[in-house]
Structure formats: structure tokens, C-alpha cells
Amino acid sequence: MAEYGVAKYAPFAMVETADLTIEQETQELADSYTGQGNYDKLYSVKSVSLDLKVTTFQPEIIAEMTMGVANAREEQAITDEVQTAYQGVLVPLENLGAGDFVVSPDAGGQPFIAGKDYFPTAAGIIPLASGGIADGTKIKVSYKALEANVVEWLAGSQKERSLIFHGVNKASRKQVVMQVFRGKFGFADKYSILGKDFRSAGLKFEVLADPLQTGEGLSQWVRETLLK
């Protein structure tokens, strides 16, 4: 994938299936001589779209699926983040994806003990009913916000992209390369969060005409090269 107009193609995603659909519209000229059928018919392209079944989920791919922004977060130490604790329920932290907790009373005192007073998770801590954290009290949580990739959904904008597909015909063992010159990704129609199989998501790419492709007999949409 590359930003449209910038010929710097970076690996994007592995796709299980890719289906190109051309939607046409027609104009018909009725046969006035006989009153039956058409005298002529004109076909034109209404839209071209590419439906992808994506099977890899790097942060940049997720961002394209969700019109989001992908950011890398460095590990950072958080000190004395104040939260209200309730027994038996998760106390979420400001930075999800955490570890190395030190939990203490807001008013000061000895730290609480993991496994006795609270249960640690990457999303935060769960105060235990049998522990020493009173229900509804303020606590201070120090922790490490671990190194992570964070994708902010719906925080970006649609960008024009160019795609190149490279694949192999399993029957002939011949390589195929397809160029899609210009277009925009839509939203994933389904985003798998939990499942028993490998993750996959349906993603649509709306193909747009590329005015940079000029010349007799050249496509402004798609070019397919089948190696002999």
C-alpha cells in the first residue's frame, strides 16, 4: 500500500480473498421503428469496488479499517494515580496495559498486597472483598504503562491509497501482480474481537479513477499483469 501519488509501497496486509466488483449503469434507446426492444444500448461504469478478507491485524491495518490513528506508546512510569476503589469490580486505569502495581491508601500508609487485597490485571486492579481495601475509598496506584500500540478509532480521516497485489496461481504456479491505482478504504464490515479461529475482517476499498494514468489504451482503474 502507498499514499496515492507517492510511489513508496510498504507491506500492508495478508488477505485470504480479494473480489473486484464493477457496477454498471446503462442507457437504452428504444426501437421506435418496431416498438419492440432496443435500438441501441450504452454501458458505463458506475462504481468499482474491491472486497478484501483481511487476515493480519497490525496497528496500521486496524487504523485503516476504522478510520483511526495508530500510535506507538513507550513504557512510562505512572506515580500515585488516584482512583476510587470498589470491591469485586475493576478499577480501570488512565493507561490501560499496565503492570508492576503499587497500591496504597490515598491518605498514606502501607501498600496493599497483590493477591490478598486486590487482583492485578492489564486493565487495572480488582479489590477483593476479603482484602483490606474498603469499598468506595480513594487509593493511589503507581504502575508501569507498558510499551504498546494504541489505535484511536474514528479519530482520523479517509486517505487516498494505491494498492499492489502480488500472488501466485496455485494451479499454474505463475505469479500475478495487480495494481489498483487510486481509492479509499471504507470501514470493516465486521471486526472480530474474540473467536476460536484466526482473526479475519471484511474490508471494502472503493476504487476511484486515476487521472495520472494517461495514454491510449491505458486503464485509469486497475492493471493486471500475469507473468508467463
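Residues numbered from 1 in each chain as written. Predicted model: local features only at pLDDT ≥ 70, side-chain atom pairs only at ≥ 80, totals over all residues. Heavy atoms only, no water.

**Examining the environment of Glu 75**
Here's step 1: For Glu 75, the location among the structural elements is in the loop between β4 (69-73) and β5 (76-85).
Here's step 2: Between the C-alpha atoms of Glu 75 and Glu 3, which are 72 residues apart in sequence, the distance is 30 Å.
Here's step 3: Apart from residues lying up to four places away in sequence, Glu 75 is in contact with Lys 144, Ala 145, Leu 146 and Glu 147. (Helix = DSSP H or I, 4+ residues; strand = E, 2+ residues; numbered from the N terminus. Contact = heavy atoms within 4.5 Å.)

**Comments concerning the sheet that holds β5**
Here's step 1: Read from one edge to the other, the open sheet built from three strands follows the order β5-β10-β7, with strand pairing classed as antiparallel. At either end of the open sheet lies a strand with only one pairing partner, and these are β5 and β7 (98-105). Taken over all neighbouring pairs, the strand axes of this sheet differ in orientation by 25° on average, direction set aside.
Here's step 2: As paired strands, β5 and strand β10 (residues 137-145) are joined by eight bridges and run antiparallel to one another. Considered in β10, the bridge of Thr 84 is made with Lys 138. (Pairing = 2+ DSSP bridges. Axes fitted to C-alpha atoms, helices over the stretch in contact; angles between N-to-C directions.)

**Thoughts on the nonpolar core**
Here's step 1: One finds Leu 50, Met 65, Leu 163, Val 180, Phe 185 and Phe 205 to be the most contacted residues of the largest nonpolar core, which totals 21 residues.
Here's step 2: The contact partners of Leu 50, leaving out residues within four places of it in the chain, are Ala 18, Asp 19, Leu 20, Leu 163, Phe 165, Val 180, Leu 203, Lys 204, Phe 205 and Val 207.
Here's step 3: Judged by nonpolar contacts, the second largest core, of 15 residues, contains Leu 93, Phe 101, Tyr 118 and Ala 145. (Core = buried A, V, L, I, M, F, W, Y, C linked by side-chain atoms within 4.5 Å. Buried < 20%, exposed > 50% of the residue type's maximum accessible area, 1.4 Å probe, protein only.)

**Points about the pattern of salt bridges**
Here's step 1: Across all of its chains, the model carries eight salt bridges by this definition.
Here's step 2: Arg 161 serves as the salt-bridge partner of Glu 64, at 2.5 Å between the closest nitrogen and oxygen. Separated by 97 residues along the polypeptide, Glu 64 in helix α1 (residues 59-66) and Arg 161 in strand β12 (residues 161-168) bring together distant segments of the chain. One exposure class covers both Glu 64 and Arg 161, and it is buried.
Here's step 3: Note that Asp 100 and Lys 144 form a salt bridge whose closest N and O atoms lie 3.6 Å from each other. With a gap of 44 residues between them, Asp 100 in strand β7 and Lys 144 in strand β10 connect regions that are remote in the sequence.
Here's step 4: A relative accessible area of 54% means that Asp 100 is categorised as exposed.
Here's step 5: Of the residues examined, Lys 144 reaches a relative accessible area of 33% and is grouped as partly exposed. (Salt bridge = Lys/Arg side-chain N within 4 Å of Asp/Glu carboxyl O.)

**Here's the deal with a nonpolar patch on the surface**
Here's step 1: On the surface, Leu 29, Tyr 33 and Tyr 39 cluster together into a nonpolar patch covering about 440 Å² of accessible area.
Here's step 2: Position of Leu 29 among the secondary structure elements: in strand β2 (residues 15-30).
Here's step 3: Note on Leu 29: relative accessible area 48%, which makes it partly exposed. (Patch = residues over 30% accessible without salt bridge, like charges linked within 9 Å, V, L, I, M, F, W, Y side chains within 5 Å. Areas by Shrake-Rupley, 256 points an atom, 1.4 Å probe, with all protein chains shown as cover.)

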